[in-house]
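Here's the letter readout for the chains.
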Amino acid sequence: LLEFDLIKNAFIYIEQKLEEMNHQWFKNRVYAITTNGTMFTKENKEFFEKYSRLWSIGISIDGDECSTDMNRGKGTYKKIIEHFKWWRKYFYWNSIKATVNNKTISKLYENVIHLNQDLGLDTIYINSVFEDVWKESDNEIFREQLYKLADYLLTDNNYKKIHVSFFSSAYYNENTKFAFCGCGNSMISVDTEGVLYPCTRFHTEKSSKYPIGDINKSFINKDKLIPFAFCNIDNLRGEYKEKCKKCEAKSMCSWCLAYDYSQTKSLFKKGYINCEMVKIRYEVNRYFFKKVEKLDEVEIHIKEVI
């Protein structure tokens with residue numbers, strides 16, 4: 001939102017072009033941004049209200065004031081809360097994105113409770129950072145916090161009302177081969193010179209730039225996209241090759257191809273992974289979903305009896 005005038009002008013230009021061309025996307029499009037929630041103004045709020053049905057606005061908030069400010073700068077949380085009711089009113093179907101690192105992991109449960117009970121959110125997308133910031137002692141903290149979250153969701157059928165992305169149906173996908181990442185197949189990023197990249201992280205990390213085209217020349221070079229079609233467990237190289245194939249938790253292991261490329265200079269080698277944290281998530285998901293299955297069986301039985 002630092003460049004709101006640019007956002008506004010781009011929106012108006014695209015809308016005009018879609019209408020002029022009677023484009024197939026004219027009745028089927030959405031504009032999406034993610035913001036830390038600190039730059040809302042009277043002007044841009046009026047704009048977003050007017051076109052709210054066409055906009056998806058996600059807000060980055062990590063939990064309570066202490067955790068959010070620790071991650072994103074002092075005073076961030078209070079600025080978000082200033083506009084939070086407005087955001088919920090006009091974008092109630094949109095979600096927040098929370099990030100966990102080694103400084104906030106001990107408050108994972110507490111922060112989810114805050115987001116749910118204090119801020120009224122029932123969909124909480126949350127993930128751990130990929131980077132090598134973790135200590136061995138963080139693993140046990142993560143396990144403890146996830147079990148507490150699982151028990152909270154299992155209480156009073158909360159799992160039917162609240163979605164926390166650490167608990168995922170990916171747990172059931174034992175035969176997964178592909179990365180979760182949409183890089184190179186469903187994302188695109190363009191820089192100020194018109195150079196195209198397979199995702200924003202390839203674009204922004206100078207050490208891992210991987211251009212796939214140019215809007216001023218031939219647009220997308222499809223040959224550059226071919227490697228991304230083969231980014232899966234079967235084609236892994238390096239130290240994780242056999243480890244990942246045999247791992248029972250592979251379905252819950254998120255990939256970031258840009259991160260991997262920045263670390264290894266290859267799309268087919270993984271950068272650092274805290275494997276223990278992935279296995280812990282799998283362990284707690286197994287506990288959680290087995291409990292859910294039993295609860296659902298009891299509910300079905302009661303309904304049949306009634």
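Going by the structure above, here's the rest.
Residues numbered from 1 in each chain as written. Predicted model: local features only at pLDDT ≥ 70, side-chain atom pairs only at ≥ 80, totals over all residues. Heavy atoms only, no water.

A. Looking closely at the packing of helix α3 (residues 65-72) against helix α4 (residues 76-90). One can describe the packing of α3 onto α4 by two numbers: an axis separation of 7 Å at closest approach and a directional angle of 115°. One way to sum up the angle between α3 and α4 is to call them roughly perpendicular. Every residue of α4 that contacts α3 at E65, T68, D69 and R72 is listed here: T76, Y77, K78 and I80. Among the residues making up the contact of α3 with α4, the classes are represented as two nonpolar, two polar and four charged. (Axes fitted to C-alpha atoms, helices over the stretch in contact; angles between N-to-C directions. Helix = DSSP H or I, 4+ residues; strand = E, 2+ residues; numbered from the N terminus. Parallel < 35°, antiparallel > 145°, perpendicular 65-115°, else oblique. Contact = heavy atoms within 4.5 Å. Nonpolar A, V, L, I, M, F, W, Y, C, P; charged D, E, K, R; others polar.)

B. Local environment of the sheet that holds strand β5 (residues 163-164). Strand order in the open sheet formed by five strands is β1-β2-β3-β4-β5, with parallel pairing between adjacent strands. Looking along the sheet, the strands with just one partner apiece sit at the ends: β1 (31-35) and β5. Note: strand β3 (residues 96-100) against strand β4 (residues 123-128), five bridges, orientation parallel. Note that in β4 the partner of I96 across the bridge is I124. (Pairing = 2+ DSSP bridges.)

C. How the structure looks around the pairing of β4. Going residue by residue along β4, you find I124, I126 and S128 tucked away on one face and T123, Y125 and N127 left uncovered on the opposite face. Following the chain from β3 across helix α5 (residues 108-118) to the adjacent parallel β4, one finds a crossover that is right-handed. Where β4 meets β5, two bridges bridge the pair, whose relative direction is parallel. The residue of β5 that forms the bridge with I124 is V164. (Buried < 20%, exposed > 50% of the residue type's maximum accessible area, 1.4 Å probe, protein only. Right-handed = clockwise from strand over helix to strand, strands pointing away.)

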